[in-house]
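# An overview of the molecular structure
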Amino acid sequence: MIILKKVFTVLLISTSIGITAQVHDKSWRSITESQDENWFASAEATSIAENVLLYQRNIGGWPKNIQMQKLLSEVEKQKLIAIKSDPIECTTDNGATCQEMLFLSKMYKKNPDERYKIAFMKGIDYLLAAQYDNGGWPQFYPLMKGYYTHITYNDDSMVNILELFKEIKNKSNFYSISPTSDVVNKIEIAFNKGIDCILKTQYKQNGQLTSWCAQYDEVTLVPAKARAYELVSLSGKESVKIVLLLMSIENPNKEIIAAVEGAVRWFEKSKITGIKLDSELTEDGKSNRIVVESPDGEPLWARFMDLDTNAPFFCDRDGIKKATLAEIGFERRNGYRWYTNEPKDVLKKFPSWKKHNNIQ
């Protein structure tokens, strides 16, 4: 009997370590988006939630690119407590703040700890405070000098906020935490302002609606550049989530319908066929991204396209436009997503969207 107990204990410990290793090997995004509701009731999830609460700054936002599931030492915990009053680094870039709010909502559903609700509501306050009067959001709030003040569609930053607000204002119960009616009213106003900003910033070529740029000047609403290799351009990637957001709005008005139809025409016009992305080994054994001919390859869209001609372009850290991927250096060629197939999701959904809304 004693031997059996020892074996059982060893198996239990081994299993626990295995599960922990699996979670800690995952990305933070995949954990927040997990559909396994029972896991959010586990001791492991509760432990991670403590980290999420620690990383939140008093202003209500979170920093980006943090793997919240990683174990923290006592020294690290004390450092996080010490900087809670410092709002610098709070952002919605790369999914930050919205991801943590989603996680806390899932935690609250299985374990209604009041601290989760308080943190979630502070996140809403943060997002509301960060919005410009014109409806856009900067990449960082409080504002940081440089391109961080631009209205940011890059990496779906602004769309993530609006998706969150849409679920709450529609009372869809996607989030387990329900704000007061006063807060919901503020969210609805902020959402409508955000959509208005999207409609105002859709780029026109010769009077025709096309797509969106990744950043816009927060005052003039004209397209703006970000990092040295992120020049002013039409985006084959960021425009996708914007259009899908517009398509998710029930009873769209004529402006939204025109915006979606214009973007779909642009996606059709700007798609690239006859190529595919591949890789080859360099002389020193590194994987190098290349573009090769492929008559049967699925359509692709460039991340950056010229505002007037829609011609794809690529850019290194020197800020000089190049016509092909092969013309830029190894580091940027392989360290950035220059092509995407995501617009196919819009094109696939478009016919049913038209039918659903009785659009001829």
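Small disclaimer: the values here were computed from a predicted structure and weren't measured. (Residues numbered from 1 in each chain as written. Predicted model: local features only at pLDDT ≥ 70, side-chain atom pairs only at ≥ 80, totals over all residues. Heavy atoms only, no water.)

## A closer look at the side chain of Ser105
Tracing the chain through its elements places Ser105 in helix 5 (residues 98–110). Other than its neighbours up to four places away in sequence, Ser105 contacts Phe120, Phe174, Tyr175, Ser176 and Ile177. (Helix = DSSP H or I, 4+ residues; strand = E, 2+ residues; numbered from the N terminus. Contact = heavy atoms within 4.5 Å.)

## Topic: the packing of aromatic side chains
With the rule as written, the count across this model stands at 21 aromatic pairs. An aromatic cluster of at least three residues, connected via ring pairs, comprises Tyr229, Phe304, Phe313, Phe314, Tyr336, Trp338 and Tyr339. Seen from the ring of Phe191, Lys169 lies directly overhead, with NZ or CZ sitting 4.8 Å from the centre. Across from the ring centre of Phe313, 4.4 Å away, lies the NZ or CZ of Lys321, which sits over that ring. (Phe/Tyr/Trp six-rings, centres within 6.5 Å; stacked < 30°, edge-to-face > 60°. Lys NZ or Arg CZ within 6 Å of the ring centre and 35° of its normal.)

## Overview of the nonpolar core
Counting residues in hydrophobic clusters, the biggest one holds 97 residues, and the most contacted among them are Phe103, Ile198 and Leu246. Once you skip the residues sitting within four places of it in the chain, Ile198 turns out to touch Tyr153, Met158, Leu162, Trp212, Ile242, Leu245 and Leu246. (Core = buried A, V, L, I, M, F, W, Y, C linked by side-chain atoms within 4.5 Å. Buried < 20%, exposed > 50% of the residue type's maximum accessible area, 1.4 Å probe, protein only.)

## Examining unusual backbone geometry
A cis amide bond, omega 0°, links Tyr141 with the succeeding residue Pro142. Structurally, Pro142 is set in the loop between helix 6 (114–130) and strand 1 (151–152). With a phi angle near 60°, Asn65 is a residue other than glycine that sits in the positive phi range. Take Asn65: it is sitting in the loop between helix 3 (43–55) and helix 4 (74–82). Of note in the backbone geometry, Glu89 takes a positive phi value of approximately 90° without being a glycine. Considering the arrangement of structural elements, one finds Glu89 in the loop between helix 4 and helix 5. Glu89 gets classed as partly exposed once you look at its relative accessible area, which sits at 43%.

## Quick word on helix 9 (residues 238–247)
Burial of helix 9 is extensive: nine of the 10 residues sit out of reach of the surface. All buried positions along helix 9 are accounted for by Glu238, Ser239, Val240, Ile242, Val243, Leu244, Leu245, Leu246 and Met247. At its buried positions, helix 9 is contacted by helix 7 (157–169), helix 8 (181–201), helix 10 (254–270) and helix 12 (343–356).

## Focus on the pattern of salt bridges
Overall, the coordinates contain 21 salt bridges when judged by the stated rule. Asp113 is paired through a salt bridge with Arg115; the nearest N and O atoms lie 3.0 Å apart. We classify Arg115 as partly exposed; its relative accessible area is 37%. Salt-bridge contacts for Arg332 lead to Glu331; the nearest nitrogen and oxygen are separated by 2.8 Å. Among the ionic contacts, a cluster of salt bridges with common partners joins Glu50, Asp113 and Arg115. (Salt bridge = Lys/Arg side-chain N within 4 Å of Asp/Glu carboxyl O.)

## Here we look at the pairing of strand 5 (residues 275–281)
In the sheet, strand 5 pairs with strand 6 (residues 287–293) via seven bridges, with the strands oriented antiparallel. What sits directly across from Leu277, in strand 6, is Val291. Hairpin connection, strand 5 to strand 6: the antiparallel pair is bridged by five residues, and Gly285 has positive phi, about 85°. (Pairing = 2+ DSSP bridges.)

## Remarks on the environment of Glu268
With respect to the helices and strands, Glu268 occurs in helix 10. Measuring from C-alpha to C-alpha, the distance between Glu268 and Leu246 comes to 18 Å, with 22 residues separating the pair along the chain. A polar side-chain atom of Glu268 sits 3.2 Å from a polar atom in the side chain of Lys271. (Polar contact = N/O pair within 3.5 Å; in protein donor to acceptor, adjacent residues only side chain to side chain.)

## So, the packing of helix 6 against helix 7
Two quantities define a packed helix pair, namely the angle between the axes and the distance from one axis to the other. In the contact formed by helix 6 and helix 7, the axes pass within 12 Å of each other and the chain directions differ by 120°. By the angle class used here, helix 6 and helix 7 are oblique. As helix 6 runs across helix 7, the sense of the crossing is left-handed. For the pair formed by helix 6 and helix 7, the contact residues are Phe120, Ile124, Leu127 and Leu128 on the first element and Ile161, Leu164, Phe165 and Ile168 on the second. Here the contact of helix 6 with helix 7 is built from residues that sort into eight nonpolar, no polar and no charged. (Axes fitted to C-alpha atoms, helices over the stretch in contact; angles between N-to-C directions. Parallel < 35°, antiparallel > 145°, perpendicular 65-115°, else oblique. Left-handed = near helix turned anticlockwise from the far one by under 90°. Nonpolar A, V, L, I, M, F, W, Y, C, P; charged D, E, K, R; others polar.)

## Describing the packing of helix 10 against helix 12
The interhelical angle for the contact between helix 10 and helix 12, taken along N-to-C directions, is 130°, at an axis separation of 10 Å. On the basis of the axis angle, helix 10 is oblique to helix 12. Two packed elements cross with a definite hand, and for helix 10 against helix 12 that hand is left-handed. On helix 12, the residues that touch Ile257, Val260, Glu261, Val264, Phe267 and Glu268 of helix 10 are Pro343, Val346, Leu347, Phe350 and Trp353. Tallied by class, residues from the contact of helix 10 with helix 12 come to nine nonpolar, no polar and two charged.

## With respect to the environment of Ile189
One can find Ile189 in helix 8. According to the relative accessible area criterion, Ile189 is exposed, its value standing at 53%. Residues Ile189 and Leu71 lie 118 residues apart in sequence; the distance between their C-alpha atoms is 39 Å.

## Brief notes about the side chain of Gln205
Position of Gln205 among the secondary structure elements: in strand 2 (residues 204–205). For Gln205, a relative accessible area of 9% gives the class buried. Only 2.7 Å separates the side chain of Gln205 from the backbone oxygen of Leu307, close enough to count as a polar contact. Every residue in contact with Gln205, bar those within four places of it in the chain, is listed here: Thr210, Leu234, Trp266, Lys269, Asp306, Leu307, Asp308 and Asn310.

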